[in-house]
Amino acid sequence: MNPARRGTGAAAVLGAVLRHGPVARTTIARLTGLSPAAVTRNCAALAGLGLLTEAAGSLPYRGMGRPHSPVDVETRRHLVAGIHVAHDHCTLALLDLRGRVRARLRVPHRDPDDHREVLATAADRLVRLHAEHLPGHVPLGLGVAVGGWVDTEAGVLVEHASLGWRDVPVRDLLAARTGLPVLVDSHARALARAEQLFGAAGHHRSLVHLFVGNVVDAAIITGGGPHRGTRSAAGGVAHLALGDPVIDCPCGRKGCLEATVSDRAWAWRAHRAGVIPRPSIADLVDAAAAGDARATALLVDRARIVARAAALLFDIVNPDVVVVTELGVIRLPECADALRAEVAATSRACPSPSTVLPSSFGPDVLGVAAGAVQLDAIYADPLDIRNPIRLGV
Ligand SMILES: [Zn+2]
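Numbering of residues starts from 1 in every chain and runs along the sequence as written. For this predicted model, a pLDDT threshold of at least 70 governs which residues receive local features, and a threshold of 80 or more governs which side-chain atom pairs are given and counted, while totals over whole chains, interfaces and linings are taken from all residues. Excluded from the side-chain calculation are hydrogens and water; included are all heavy atoms of the structure.

Naming follows an unreviewed UniProt entry, where the protein appears as Putative NBD/HSP70 family sugar kinase of Saccharothrix texasensis. UniProt positions are given in the numbering used here, feature names are shortened, and annotations may be inferred rather than shown by experiment. The record in UniProt for the protein states the following under Sequence similarities (unreviewed entry): "Belongs to the ROK (NagC/XylR) family."

This is how it looks when you write it as structure tokens:
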């Protein structure tokens, strides 16, 4: 058998165990369509790499022969590291192979204009985070998620408007600093894959993910894989004319989506309206969660504008589900309800409000985005993780 086919079988086995584990080998054979011999061979290869383990105890078995020994994803040996780069801080995270954030740290940018300093600091703090929290786990790689336009193949952040970074060779800078294999992707795409691997959208083949933070962007997954486009530029929805028509956008036009609903823009809107004493989206969401009706109303307004974009994406792509990552929608049921109702009312293709989902990852969402960039690659080709290099050693 050639290596590509062997890798495909291993990926199918590991994916089935991720979704259904702990699970018996006979069930894996049924789920994947592989022969029992192929399942046994792939399980042995994956266990040899420390990705799969025999689960404690055995499943009930009635009949002759050996009991069904379940296998599960091994979460005690390896981890992936992640760096999410936002407008004013980096989120560092260590994740196990089930995509669970085991340690995380928020590091404010000292000088956001100096991308080398920001990335070097993030790398160094990540090494320390690993040493302090999970020194016994071997890192398989580093994932970097960032908003804006990311050229995945080149490992380059082509453009991040709010940071003002252009053509930053993120992969090469961080690989040199950590010694780890580094992959870079847009956080919208990373989270879309994370929803399929670890989240509520696992059984859906097609989905659209809309991210609303300081950057507003989207990811489109059809037929099981992300649509990237030339230089991975797909998903740029920041300048759709769906926003407030009086608001100027740095692009020179008025009424762009990002200029209207970004975290900073909305926090300033709330601050100017006297709802919060300083322009902070976290403060606005906290105020709403504490029962401030004006804060809640403002966030519901934002959810309704975000819904216009979600409805448009629904009609253009017609996916199984649309997932929205936005702080209000994640934290407040009123915002999630407003989003769902507005999409269902505006979209022609959306079959039901239940096909509009808030992100599965709550407060861990940025860490999951970063780690998912590596985890997606590991689950796509698990036999490729050879000679892992210890972080910072
Ligand atoms: Zn614009």
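Now, onward.
**Student:** When you look at the coordination of the zinc ion in this model, what are you seeing that I'm missing?
**Tutor:** Each angle at a metal carrying four tetrahedral donors should ideally be 109.5 degrees, and each at a metal carrying six octahedral donors should ideally be 90 or 180 degrees. Keep in mind that water is not among the atoms, so a site may look incomplete; donors are the N, O and S atoms within 2.8 Å of the metal, or 3.2 Å for Na, K and Ca. Around the zinc ion, the donor atoms from the protein are His 239 (ND1), Cys 249 (SG), Cys 251 (SG) and Cys 256 (SG), and they sit 2.0 to 2.3 Å away. Around the zinc ion sit four donor atoms; with metal-centred angles ranging over 99 to 117°, the donor geometry is tetrahedral. Counting residues between consecutive donors of the zinc ion along the chain gives the motif H-x9-C-x1-C-x4-C. Categorising residues by exposure relies on relative accessible area from a 1.4 Å probe, with only protein chains included: less than 20% of the type maximum marks a residue as buried, more than 50% marks it as exposed, and the intermediate range marks it as partly exposed. Owing to a relative accessible area of 1%, Cys 256 belongs among the buried residues under this scheme. The geometry test gives tetrahedral to four donors whose angles all lie between 85 and 135 degrees, gives square planar to four donors and octahedral to six donors whose opposite members are over 155 degrees apart with all other angles between 65 and 115, and gives irregular to the rest.

**Student:** What is the right way to read the nonpolar core from this model?
**Tutor:** The nonpolar side chains of soluble globular proteins are, as a tendency, buried together. Core analysis: the largest hydrophobic core is formed by 52 residues, its most contacted members being Val 17, Ile 28, Leu 46, Leu 51, Phe 198 and Tyr 379. A helix here means a DSSP run of H or I that spans at least four residues, while a strand means a run of E at least two residues long, and both kinds are numbered starting from the N terminus. Residue contributions to this core peak at 10 residues, all from helix α13 (residues 365–380). Setting aside its immediate chain neighbours within four residues, Val 17 contacts Val 23, Ile 28, Leu 52, Val 71, Asp 72, Val 73 and Arg 98. Among buried residues, the Ala, Val, Leu, Ile, Met, Phe, Trp, Tyr and Cys ones that are joined through side-chain atoms within 4.5 Å form a nonpolar core. Core analysis: the next-biggest nonpolar cluster, separate from the first, contains 44 residues, Val 275, Ile 305, Phe 314 and Val 343 among them. Contacts are residue-level and defined by heavy atoms, with any inter-residue pair within 4.5 Å sufficient.

**Student:** It is not clear to me how helix α4 (residues 115–133) should be interpreted in this structure. Could you clarify?
**Tutor:** Because each turn of an α-helix spans 3.6 residues, side chains separated by three or four positions end up pointing in the same direction. The span expected for a helix works out to 1.5 Å for each residue beyond the first. If you check α4, its first and last C-alpha atoms are 27 Å apart, about what 19 residues at 1.5 Å a residue would give, namely 27 Å. Within the sequence span of α4, burial applies to Glu 117, Val 118, Leu 119, Ala 120, Ala 122, Ala 123, Leu 126, Leu 129 and His 130. For α4, the elements touching its buried residues are β4 (78–85), β5 (89–95), β6 (101–108), β7 (138–146), β10 (165–168) and α5 (170–178).

**Student:** Would you explain the domain arrangement of the protein in this entry?
**Tutor:** Often, the extent of an interface is quoted as the loss of accessible area upon association of its parts. According to the domain assignment, the protein contains domain 1 (3–73), domain 2 (78–190 + 366–384) and domain 3 (203–359). Delimitation of the domains relies on an automatic or database domain assignment. Between the C-alpha centres of domain 1 and domain 3 the distance comes to 40 Å.

**Student:** What is the right way to read the packing of aromatic side chains from this model?
**Tutor:** Aromatic ring pairs are described here by two measures, namely the spacing of the ring centres and the angle between the planes. For Phe, Tyr and Trp, rings pair up if their centres lie within 6.5 Å, where Trp contributes its six-membered ring, and each pair is then called stacked (planes under 30 degrees apart), edge-to-face (over 60) or tilted (otherwise). Here the structure, examined in full by the defined rule, presents one aromatic pair. Each ring, one from Phe 198 and one from Tyr 379, has its centre 6.1 Å from the other, and the planes form 75°; the classification is edge-to-face. Taken as a pair, Phe 198 in helix α6 (residues 187–198) and Tyr 379 in helix α13 lie far apart in primary sequence, 181 residues in all.

**Student:** Mind showing me how you'd approach the sheet that holds strand β15 (residues 321–326) here?
**Tutor:** Within a beta sheet, neighbouring strands are joined by backbone hydrogen bonds and run either parallel or antiparallel to one another. One open sheet accounts for five strands, arranged β14-β13-β12-β15-β16; its pairing is mixed. For this open sheet the edge positions go to β14 (225–226) and β16 (356–358), each flanked by a neighbour on one side alone. When strand β12 (residues 207–212) meets β15, the two strands line up parallel, connected through six bridges. From the neighbouring strand, Leu 210 faces β15, where its bridge partner is Val 324. Axes, fitted as lines to C-alpha atoms, cover a helix only where it is in contact. Angles between the N-to-C directions of the axes lie from 0 to 180 degrees. Strand contacts of helix α10 (residues 293–317): β12, β13 (216–222), β15 and β16, with the helix running at about 155° to β12, the strand carrying the most contacts. Strands are labelled as partners when DSSP assigns at least two bridges between them.

**Student:** What should I look at first to understand the packing of helix α2 (residues 25–32) against helix α3 (residues 36–48) in this one?
**Tutor:** Between two packed helices, the angle of one axis relative to the other and the distance separating the axes together describe the packing. Between α2 and α3, the shortest axis-to-axis distance is 9 Å and the interhelical angle comes to 115°. With respect to α3, the axis of α2 lies roughly perpendicular. Judged by the sense of rotation from one axis to the other, the crossing of α2 with α3 is right-handed. In this structure, α2 contributes Arg 25, Ile 28, Ala 29 and Thr 32 to the contact, and α3 contributes Pro 36, Val 39, Thr 40 and Cys 43. Residues that form the contact of α2 with α3 fall into these classes: five nonpolar, two polar and one charged. We call two directions roughly parallel when the angle between them is under 35 degrees, roughly antiparallel when it is over 145, roughly perpendicular when it lies between 65 and 115, and oblique otherwise. By convention, the crossing between two helices is left-handed when the near helix turns anticlockwise from the far helix through less than a right angle, and right-handed when the turn is clockwise. Asp, Glu, Lys and Arg are counted as charged, while Ala, Val, Leu, Ile, Met, Phe, Trp, Tyr, Cys and Pro are counted as nonpolar; the rest, among them Gly, fall into the polar class.

**Student:** Where do I start with the confidence of the model for the protein in this structure?
**Tutor:** Parts of the model with low pLDDT should not have their predicted coordinates read in detail. Per-residue pLDDT for the protein has a mean of 91; in total, 93% of the residues score no lower than 70. Here residues 387–393 is modelled with pLDDT under 50, and outside its nearest four sequence neighbours on either side it reaches 17 contacts, counting other chains as well. For every residue, the predictor states its confidence as a pLDDT score lying anywhere from 0 to 100.

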